Amino acid sequence: MSTEHEHSYEAVHSFYKGEFKKKYPNAFNTLELGGVHPDISEPIENPYIEGEKDSGDYRNIGEHCVDVGIVAQKIASSLKETGSIDEKTYLQIVERALIHDTNKRFEILRHEAQKAGQPIEVFSRSAYETMFAVLEKNGHSGPELEYIKTAGKETGHGSLVDFLTLNDQDEPVLHQDKTLSEMIVHLADDMVASPLKDRKTGGLLTKNSGTQFVSTAKRMDLGNFSSRYTFLYQEGIAFDQDGQAITVKNQQDADTKHLRGFNTYAYWQAKTSELICTKLKSLVDPDNGQNPDEFIENVANK
């Protein structure tokens, strides 16, 4: 939420969390299964380091999921009012937003295992599938486990390659098969600037001490992405001769593979949000002359 409304954030968050828990019980069951429920903290066996137990508190991730749900709900509501989406899609959007970081605890454990010398990938799509396999092996089943298969597939830098393509004029545009649901959930996650503390020192890793709903570019600045996620400013995306987006390490890698239009993940993260905001604004209020990013930021803060 914007700084001037920060004093009301707790009340707004609490209200929506209560409403969401009643309306989307499967989503909160899924968060609990992933060990990131906003109100529950339970130790688990670390699946990446044998014999190690993880007793970390990941409730802040669940709280973040609630905030992403709030932003997604507000954007989806504005589209439903204009007839751009129906009730079923509206409900799907909010639920997908609520479960998008179900895999986050396992991602953190993978990262810690990698730092400890384990030959493991942290952010690859195959890496995210390990959580499903571990839970299934431990006897879990049902709709919550099925949700985990695709939870967060439309969010984060790893999803950017699925959103982008080049048109006939070699201009970056949103891929035509991307749904409004995927766009909104992706954007909502990128608009929530959650404060983050170092798990060991307790020091603040972000510029903001309170949660804010802002444009993607502002969120990246508030979150100190350039120092916390340096790879976002080195690795990125380029396009093949058919305009298909391809992940690459750098410009040299793009040149070696005969790709064009290389830019970093950080650039494409902000650019993709701009494209999504432009699309959403055209559906909500096409005659409004406001900057699309600012327009959708206002929608999220109503």
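Above this text sits the structure in question.
The text that follows walks through the structure, step by step, so that each part is easy to find. (Residues numbered from 1 in each chain as written. Predicted model: local features only at pLDDT ≥ 70, side-chain atom pairs only at ≥ 80, totals over all residues. Heavy atoms only, no water.)

1. Topic: the overall build of the chain
A tally of helices and strands in the chain yields 14 helices and 9 strands. Principal axes of the C-alpha set define a box for the chain whose edges measure 55 × 50 × 40 Å. Across the 302 residues in the chain, those meeting the buried criterion constitute 48%. Intrachain contacts of the chain at a sequence separation of at least 6 include 62% that bridge at least 24 residues. In the structure as shown, the chain presents an accessible area of about 14,800 Å², 47% of it carried by carbon and sulfur atoms. Across the chain, the 33 positively charged side chains and the 48 negatively charged ones have centroids separated by 3 Å. (Helix = DSSP H or I, 4+ residues; strand = E, 2+ residues; numbered from the N terminus. Buried < 20%, exposed > 50% of the residue type's maximum accessible area, 1.4 Å probe, protein only. Contact = heavy atoms within 4.5 Å. Areas by Shrake-Rupley, 256 points an atom, 1.4 Å probe, with all protein chains shown as cover. Lys, Arg positive; Asp, Glu negative; His and termini not counted. Charge placed at Lys NZ, Arg CZ, Asp CG, Glu CD.)

2. Description of the pairing of strand β8 (residues 245-248)
Bridging between strand β7 (residues 236-239) and β8 involves 4 bridges; their strand directions are antiparallel. Paired with Phe 239 across the bridge in β8 is Ala 245. (Pairing = 2+ DSSP bridges.)

3. Description of the side chain of Ser 159
In this structure, Ser 159 sits in the loop between α7 (143-150) and α8 (160-163). A distance of 3.4 Å separates the side chain of Ser 159 from the backbone oxygen of Thr 155, its partner in a polar contact. At a separation of 3.1 Å, a polar atom in the side chain of Ser 159 contacts the side chain of His 186. (Polar contact = N/O pair within 3.5 Å; in protein donor to acceptor, adjacent residues only side chain to side chain.)

4. What about the pairing of β7?
Here β7 shows a buried face lined by Gly 236 and Ala 238 and a second buried face lined by Ile 237 and Phe 239. Counting the residues that bridge the hairpin from β7 to β8 gives 5 residues, and of these Gly 243 lies at a positive phi of roughly 85°.

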